[in-house]
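For reference, the chains in residue letters:
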Amino acid sequence: MHLDNQMLCLNSVSKNYNSKENVTVLNGVNLQLVGGKVTVIMGSSGSGKSTLMNIIGMLDNPSSGSVLIEGIDVSKLTGNERSRLRSEKIGFIFQQYNLFKHLTALENVVFPLYLDNALTKAERMDKGVYMLEKLGIDHRKDHYPNQMSGGEQQRTAIARSLINNPQIIIADEPTGSVDNNNEESILKILHGLSREGRTILIVTHSDRVTAYADSLYMLQNGNLYEEDIYAAK
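Residues numbered from 1 in each chain as written. Predicted model: local features only at pLDDT ≥ 70, side-chain atom pairs only at ≥ 80, totals over all residues. Heavy atoms only, no water.

**As for the overall build of the protein chain**
Inclusion rule: By definition, any uninterrupted DSSP run of H or I lasting at least four residues is a helix, any uninterrupted run of E lasting at least two residues is a strand, and each is numbered from the N terminus. We compute the radius of gyration from the C-alpha atoms alone; for a globule the expected value is 2.2 Å times N to the 0.38, where N is the number of residues. Relative accessible area decides the class of each residue, using a 1.4 Å probe on protein chains only: under 20% of the type maximum gives buried, over 50% gives exposed, and in between gives partly exposed.
Of regular secondary structure, the protein chain possesses seven helices and 10 strands. Whereas a compact globule of 233 residues would reach a radius of gyration of roughly 17 Å, the protein chain reaches 18 Å, a difference of no more than 12%. Taking the principal axes of the C-alpha coordinates as reference, the protein chain spans close to 50 × 40 × 40 Å. The proportion of buried residues among the 233 residues of the protein chain is 50%.

**So, the pairing of strand β8 (residues 199-204)**
Formally: Two strands are counted as paired when DSSP detects at least two bridges linking them.
When you tally the buried positions in β8, you get six out of six residues, the bulk of the element. When strand β3 (residues 38-42) meets β8, the two strands line up parallel, connected through five bridges. Within β8, the position partnered with T39 by the bridge is L201. Summarising the sheet, strand β7 (residues 168-172) and β8 pair through five bridges and their orientation is parallel.

**Regarding the sheet that holds strand β10 (residues 223-227)**
Let me state the cut-off plainly: Every axis in this analysis is a line fitted to C-alpha atoms, fitted for helices over the stretch in contact. Angles between the N-to-C directions lie between 0 and 180 degrees. Contacts are assigned to residue pairs that have any heavy atoms within 4.5 Å of one another.
Pairing is mixed in the open sheet, where six strands are placed in the order β6-β7-β8-β3-β9-β10. Across the chains shown, the open sheet's two edge strands, defined by having one partner strand only, are β6 (90-94) and β10. On average, each strand axis in the sheet is tilted by 20° relative to the strand beside it, whichever way the strands run. Of the strand pairs in this sheet, β6 and β7 are connected by five bridges, and their pairing is parallel. Among the inter-strand pairings, F92 is bridged to a residue of β7, identified as I170. Contacting β6 and β7, helix α2 (residues 79-89) crosses the sheet at an angle of about 70° to β6. Where helix α6 (residues 180-195) meets the sheet, its contacts fall on β3, β6 and β8, and the angle it forms with β8 comes to roughly 150°.

Structure representation (structure tokens):
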């Protein structure tokens, strides 16, 4: 399926922190993400990437402006409604994998499904095995994170992010802890997911990611600038 509708929209989003002096981290950011596309945001350390990602993922609130997911203004939702929307619509992939060390690959993948009381244990495990198969790592389903390579751990993390079938995937430096071969493999996976109709947002500092981008932005001092994607490639 390919989604032509706007999945996520940021309108004039700013973020300020009031300490001894007012610090502006994001300054009037506008961004539209649609289904079936890979959007890449690049920026140096301290540019505001993490803050922007947290606001997009409903983990933080903007000081001003609005965030809309499928036309829903998330600022108007209760905490429980935001949590439900996040779990249903957004999957997160992190640089450090964030796998539970005491759980196997399969147990890590199905962990989010325990929020769904309608599923039996067998149904959860079947869904988990399917996701691991999709990522080409089902042969490692009974292994613990310390028994897997970095690339295998990241594939497991991606499988976990997909288990609830989210339409929006937010990837924070998803290839930052893997070698070049695994980096290309993971980027191909994310690109393939976009072609299934999912909205992919990659926040990174790696130039190699631009080869898989449909649109490219630079974040500098809290300001977001769209770049010429063809020039970048």
